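Close look at the chain arrangement
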Amino acid sequence: MAGAGATYDLEIGGMTCASCASRIEKRLNRIDGVTASVNYATEKAHVEADSGIDVDDLISEVVRTGYTASLPRTEEDVESDGDYRLLRLRLIVAAALAVPVILLSMIEPLQFSGWQWASLVLATPVVTWAAWPFHRAAWLNARHRAVTMDTLISVGVTAAYLWSLYALFFGTAGMWGMTHPFRFTIERGDGLGSIYLEVAAGVTMFLLLGRFLEHRSKRRAGAALRALGELGAKDVAILRDGVEQRMPLAELLVGDVFVVRPGEKIATDGVVLDGTSAIDASMLTGESVPVEVAAGDAVTGATVNVGGRLLVTATRVGADTQLARMAQLVEEAQSGKAEAQRLADRLSAVFVPIVFAIAAVTLAAWLIAGGGAAAAFTAAVAVLIIACPCALGLATPMALLVGTGRGAQLGVLIKGPEVLESTRRVDTIVLDKTGTVTSGRMTLLDVIPAEGQDPQEVLRLAAAVEEASEHPIAQAIVRAATERLGEIPEVSDFQNVQGRGVTGVVDAHAVIAGRPALLADWALHLSPELTAAFEHAESEARTAIAVAWDGEVRGVLVVADQIKPSSADAIAALRGLGLTPVLLTGDNEQAARQVAAAVGIDQVRAGVLPEGKVAEITALQQQGRVVAMVGDGVNDAAALAQSDLGVAMGTGTDAAIEASDLTLVRGDLWGAVDAIRLARRTLGTIRGNLFWALAYNVAALPLAALGLLNPMLAGAAMAFSSVFVVLNSLRLRRFRSAAPGMS
């Protein structure tokens, strides 16, 4: 039995639209002591239940509603998703059988003797087995006295098929040698001489394509959490009874002491017991400069030890660690994200009841007018057939296929249709600093020599002694020296003074590179000019390194995370799209303000950890803003999931990419500009497709009601609406990037 305040996450199956999620949510909330939230996008129900309510009771209630429910599956179960494979098989079978039926019905020269019976054989599996998800959804809707587009699809497909059967067996449509001539005449004809199998099969095929593409994108909903889980260490060197033992991470307990060597990930959250080192905590803080740690300092699991050997006492393991809490933040943000209801569902709330009303009025009017039962039923069924919007199923996936294809060429990856609705309403764009606005890699910006010193010699000797260090600042100096000077001399007697600098002998010179405090240990002091240069660099949130050899301070090197050349212009372009930029970073206030001023951002939120980033996004949303977030680090993953539109830099971590809605392969902010422009253009195309997909059908409704609809016009309405949707979507291939030099 559940304890007081027990919480369950259930996987829900069988939902076809947002109204299904609403229906399940209402049913669960009717149970005393239960508070439930059902998310259609993630296909999950988050349930809080009082003591005495078992999880089996909750599952049974969902099943009684007409859907399936289960506790979360393992990753292996998700990978072997039977529903996904069955839907793909339905689509393949439907396409293989429906295409010949459509060709036979639309092209008279292909209509051999008995073609209509061949069409029946081909269309029957499509209308029954392949279209079963729509029929099942329609039945569930009927049980709950509701109608959705699935209802109209099922009724339209069934009506077209049953009328075709009636016409074939009891009318003249089954006569050997019957053809559907290719003509567009508006005339009253004998409904018993017409079949609509191509409409039934074609509608099923196109709508299954849309359902398949949607299912494929939702199938990846847990990828962000799996990416976060993969960041942690897989095993750990535990020190027990003075003996070091390599064990799986699951065997690590609170209080255990474990060893972390240079280059290894820290296994779990803990406190340094012995040793000093530099820790790359950029996945947590976003700062590119490693954090110096010594005995007594706290360290976080999954961060990287880039310096010396450490002994760490584990303080939190498993679900209590910072990494696990970040994964929980991502899951909560994804589950709580209000996905926009699909446009087709919103249209169906009005369109479907109107169609049924028109069909009923048509039947009654013909009977009252004395037109006869056959003519009355012909006209009523024609209304249902023509109203079933074949192109509606193609409207969204076709625009997405073309739009996402063009986006991929430009380095913009769009995850799915639910992303697009957010782009239209976004008015605020929150930008992570490190790796997004800046390069995320330390770069040598300046070499300031002392009076009479050669700057190239200062850089050469400093790089030689730094080459033996793994510190990112040292690597930046070495990289610059290699690019500018070529070969770097060897160092001997190298020593790394943790948190202060390095020393060594290069070309018979005793070289020191590091903080002024390290030089002071050797009775070396900066001149007033070098002191001023050092202080100026630090006032601009840059890192300065003093270089000395042979008893004299020779210069200062200035290193910083450099702003990307494209950032300022791209941010100006984002403003031009009506977005207000906000800089959000775990870095210090001074560094953040410097970067913001350089790229034209007025609003800055600095010193913010992952929980704080989610809180900042939420605070903006509570102010009524619709927020896009651009980031690249693990520390951004939860904020990307919480935002209305998450945009990840493709140069960033897998966790950030998986938690986002859009991914920028190029790695600069022009990609964000293109992403928002392309997403808005694609959404506009989808809206246009949906309008015309319905317009062709609606325009033909009066003809159907008056009994003037012949089979060719029914097929033409379906074909023309589909062709228009395809051509309108192909216009997205002409989309051009706003970035200079891009096409």
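Refer to the structure printed above.
This write-up is about the structure you can find in this document. By convention here, each chain's residues receive numbers from 1 onward along its written sequence. Since the coordinates come from a predicted model, pLDDT governs what is reported: local features require at least 70, and pairs of side-chain atoms require 80 or more to be given and counted, while whole-chain, interface and lining totals use all residues. Side-chain metrics rest on all non-hydrogen atoms present in the structure, leaving aside hydrogens and water.

1. What to know about the pairing of strand β9 (residues 277-280)
Pairing between strands is defined by DSSP: at least two bridges between the two strands are required. Helix and strand labels come from DSSP, where a helix needs a run of H or I of at least four residues and a strand needs a run of E of at least two; each type is numbered from the N terminus. With three bridges joining them, β9 and strand β10 (residues 291-293) adopt antiparallel strand pairing. Looking across to β10, one finds that Ile279 is bridged to Val291. Bridge analysis of β9 against strand β12 (residues 304-305) gives two bridges, and the strand direction is antiparallel. Across the sheet, Ile279 pairs through a bridge with Asn305, a residue of β12.

2. Here we look at unusual backbone geometry
With glycine set apart, most residues show a phi of negative sign, and most peptide bonds adopt trans. Even without being a glycine, Ala508 presents a positive backbone phi close to 70°. As for its placement among the helices and strands, Ala508 is situated in the loop between β18 (501-506) and β19 (509-514). Positive phi values are uncommon outside glycine, yet Ala523 reaches one of about 60°. Relative to the helices and strands, Ala523 resides in the loop between α19 (516-521) and α20 (528-539).

3. Re the packing of aromatic side chains
Classification of ring pairs rests on two measures: the distance between centres of Phe, Tyr or Trp rings, Trp counted by its six-membered ring, which must be within 6.5 Å, and the angle between planes, read as stacked under 30 degrees, edge-to-face over 60 and tilted in between. By the definition in use, this model includes five aromatic pairs. Ring geometry for Trp117 against Phe169: centres 5.3 Å apart, planes inclined by 75°, an arrangement best described as edge-to-face. You can see Trp117 sitting in helix α5 (residues 115-130) and its partner Phe169 sitting in helix α7 (residues 149-170), a full 52 residues away along the chain. Taking the relative accessible area as the measure of exposure, Trp117 reaches 24% and is therefore partly exposed. By the ring-pair criterion, three or more aromatic residues cluster together here, those being Trp163, Tyr166 and Phe170. Any Lys NZ or Arg CZ that is within 6 Å of a ring centre and within 35 degrees of that ring's normal is treated as a charge sitting over the ring. Positioned over the ring face of Trp129 is Arg90, at 5.0 Å from the centre of the ring. Relative accessible area decides the class of each residue, using a 1.4 Å probe on protein chains only: under 20% of the type maximum gives buried, over 50% gives exposed, and in between gives partly exposed.

4. Some words on the sheet that holds β10
Strand order in this open sheet of three strands is β10-β9-β12, and the pairing throughout is antiparallel. With partners counted over all chains shown, the strands left at the sheet margins are β10 and β12, one partner each.

5. A word on the side chain of Arg554
Here Arg554 shows up in strand β21 (residues 552-563). Under the rule applied, a polar contact is a pair of N or O atoms within 3.5 Å (in protein, one hydrogen donor and one hydrogen acceptor; residues adjacent in sequence only if both atoms are side-chain atoms). Engagement of the side chain of Arg554 in a polar contact is seen with the backbone oxygen of Trp549, the distance being 3.2 Å. If sequence neighbours within four positions are ignored, Arg554 has contacts with Pro449, Ala450, Gln453, Val458, Val547, Ala548 and Trp549. By definition in these notes, contact holds between two residues if any of their heavy atoms fall within 4.5 Å.

6. Focus: the pairing of strand β22 (residues 580-584)
Most of β22 is tucked away: four of the five residues are buried. Bridge count for strand β15 (residues 428-432) against β22 is five bridges, and the pairing is parallel. The residue of β22 that forms the bridge with Val430 is Val582. Both β22 and strand β23 (residues 603-605) contribute to a ladder of three bridges, which runs parallel. Counterpart to Leu584 in the pairing with β23 is Arg605. Once the chain exits β22 it traverses helix α22 (residues 589-599) before rejoining the sheet at β23, and the crossover so formed is right-handed. If you view a crossover with the strands going away from you and the path from the first strand over the helix to the second runs clockwise, you call it right-handed.

7. Thoughts on the packing of helix α17 (residues 455-466) against helix α18 (residues 472-485)
Interaxial angle, 0 to 180 degrees, is taken between N-to-C directions of lines fitted to C-alpha atoms, where a helix line uses only the stretch in contact. Running from N to C, α17 and α18 point in directions that differ by 130°, and their axes come no closer than 9 Å. Judged on the interaxial angle alone, α18 and α17 are oblique. Helix-helix and strand crossings are classified by hand; for α17 and α18 the assignment is left-handed. The residues of α18 that touch α17, namely those facing Gln456, Leu459, Arg460, Ala462, Ala463 and Glu466, are Ala474, Ile477, Val478, Ala481, Arg484 and Leu485. Partitioned by chemical class, the residues of the contact of α17 with α18 number eight nonpolar, one polar and three charged. Here roughly perpendicular refers to angles of 65 to 115 degrees, roughly parallel to angles under 35, roughly antiparallel to angles over 145, and oblique to all remaining angles. Left-handed describes a crossing in which the near helix is turned anticlockwise from the far one by less than a right angle; the clockwise case is right-handed. Residues are grouped as follows: Ala, Val, Leu, Ile, Met, Phe, Trp, Tyr, Cys and Pro are nonpolar; Asp, Glu, Lys and Arg are charged; every other residue, Gly included, is polar.

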